[in-house]
Each structure stands twice: as C-alpha cells, then as structure tokens.
Amino acid sequence: VWLSLGGFQERCDGDARIFNTHVIVDDAGDIRATYRKIHLYDAPFVGLMESKQAIAGDALVSVESPAGTLGVTICYDMRFPELYQKLTFLHGAQVLLMPSAFSMKTGAAH
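Report on the accompanying structure. (Residues numbered from 1 in each chain as written. Predicted model: local features only at pLDDT ≥ 70, side-chain atom pairs only at ≥ 80, totals over all residues. Heavy atoms only, no water.)

1. A closer look at the side chain of N20
- Summarising the element assignment, N20 is placed in strand β2 (residues 15–25).
- With a relative accessible area of 16%, N20 lands in the buried category.
- A polar contact of 3.2 Å, which involves the side chain of N20, links it to the side chain of E50.
- Excluding its chain neighbours within four sequence positions, the residues that come into contact with N20 are G7, F8, Y35, R36, K37, E50 and I74. (Helix = DSSP H or I, 4+ residues; strand = E, 2+ residues; numbered from the N terminus. Buried < 20%, exposed > 50% of the residue type's maximum accessible area, 1.4 Å probe, protein only. Polar contact = N/O pair within 3.5 Å; in protein donor to acceptor, adjacent residues only side chain to side chain. Contact = heavy atoms within 4.5 Å.)

See below:
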C-alpha cells in the first residue's frame, strides 16, 4: 500500500512560515516524493491569506508508482490548468493527486 499524505505543515529553516507539503510514501515506508504547494490561496475577501503563514514551493513533482506515474499537487493548485498540462505532457503523469481541505467560508462557496 502506497500513501498520499497531505497537505501538512512542514517547517522551513530560517523562516517562521511553513510549506504546505504533500508526501508520497511507498509500501516499504520510504518517502518517494515531496511536493510543496506552489499556488498559495490568498482570498482577502474572506479573510484567508495563506501567504502570511506559508511559503510557496517552486518545483513540479511526479513519481513512478505501481499505479502509474503520479502527478503530485495540493488543493488550490487545481485552479491552474497549466500545472496539470506540464505534469501530464512533460512528466508523463497518469494519475493526478490533489488532497484538498476547505474552511467554513470557502467550503460554503463551493
């Protein structure tokens, strides 16, 4: 069994902010991929500013798995189709992962 774990808070050396991180763990318990969310959710109209507490990642992440090539992302990244085009056409992703969570305000809007 492989696990897709995310997003969770990862400390960043030299900064009080965190990375919003998605980790892929294989059946031996080894970390096979680590993705740091690229697109932070800033919505001042509902009082949510992820960039105040998080740092944006800067790398696309894909990994080979028994289920095929996984494209690894997080939540708000789904609003940026070019990310998924690159994962699919440049990195060969066959399965796209995007763990998501919503606050009460943003959940009601969906």
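2. Considering the sheet that holds strand β3 (residues 31–36)
- Reading across the sheet, the three strands line up as β1-β2-β3 and stay open at both edges, with antiparallel pairing between neighbours. A strand with exactly one partner marks an edge of an open sheet, and here the two such strands are β1 (3–12) and β3. Strand-to-strand twist across the sheet, computed as the mean angle between neighbouring axes with direction ignored, equals 30°.
- Looking at chain direction, β1 and β2 are connected through nine bridges and run antiparallel. If you follow S4 over to β2, its bridge partner there is I24. (Pairing = 2+ DSSP bridges. Axes fitted to C-alpha atoms, helices over the stretch in contact; angles between N-to-C directions.)

3. Details of the packing of aromatic side chains
- What the rule picks out here adds up to two aromatic pairs.
- Their ring planes at 75° and their centres at 4.9 Å tell us that Y41 and Y76 sit as a pair that is edge-to-face. With Y41 in the loop between β3 and β4 (42–43) and Y76 in the loop between β7 (68–72) and α1 (81–89), this pair connects stretches of sequence that are 35 residues apart.
- With relative accessibility at 23%, the residue Y76 sits in the partly exposed group.
- Through pairs of rings, three or more aromatic residues link up here, namely Y41, Y76 and F80.
- Just above the ring of F19 sits the side chain of R36; from NZ or CZ to the centre is 4.7 Å. (Phe/Tyr/Trp six-rings, centres within 6.5 Å; stacked < 30°, edge-to-face > 60°. Lys NZ or Arg CZ within 6 Å of the ring centre and 35° of its normal.)

Taken by themselves, the reported measurements are silent on function.
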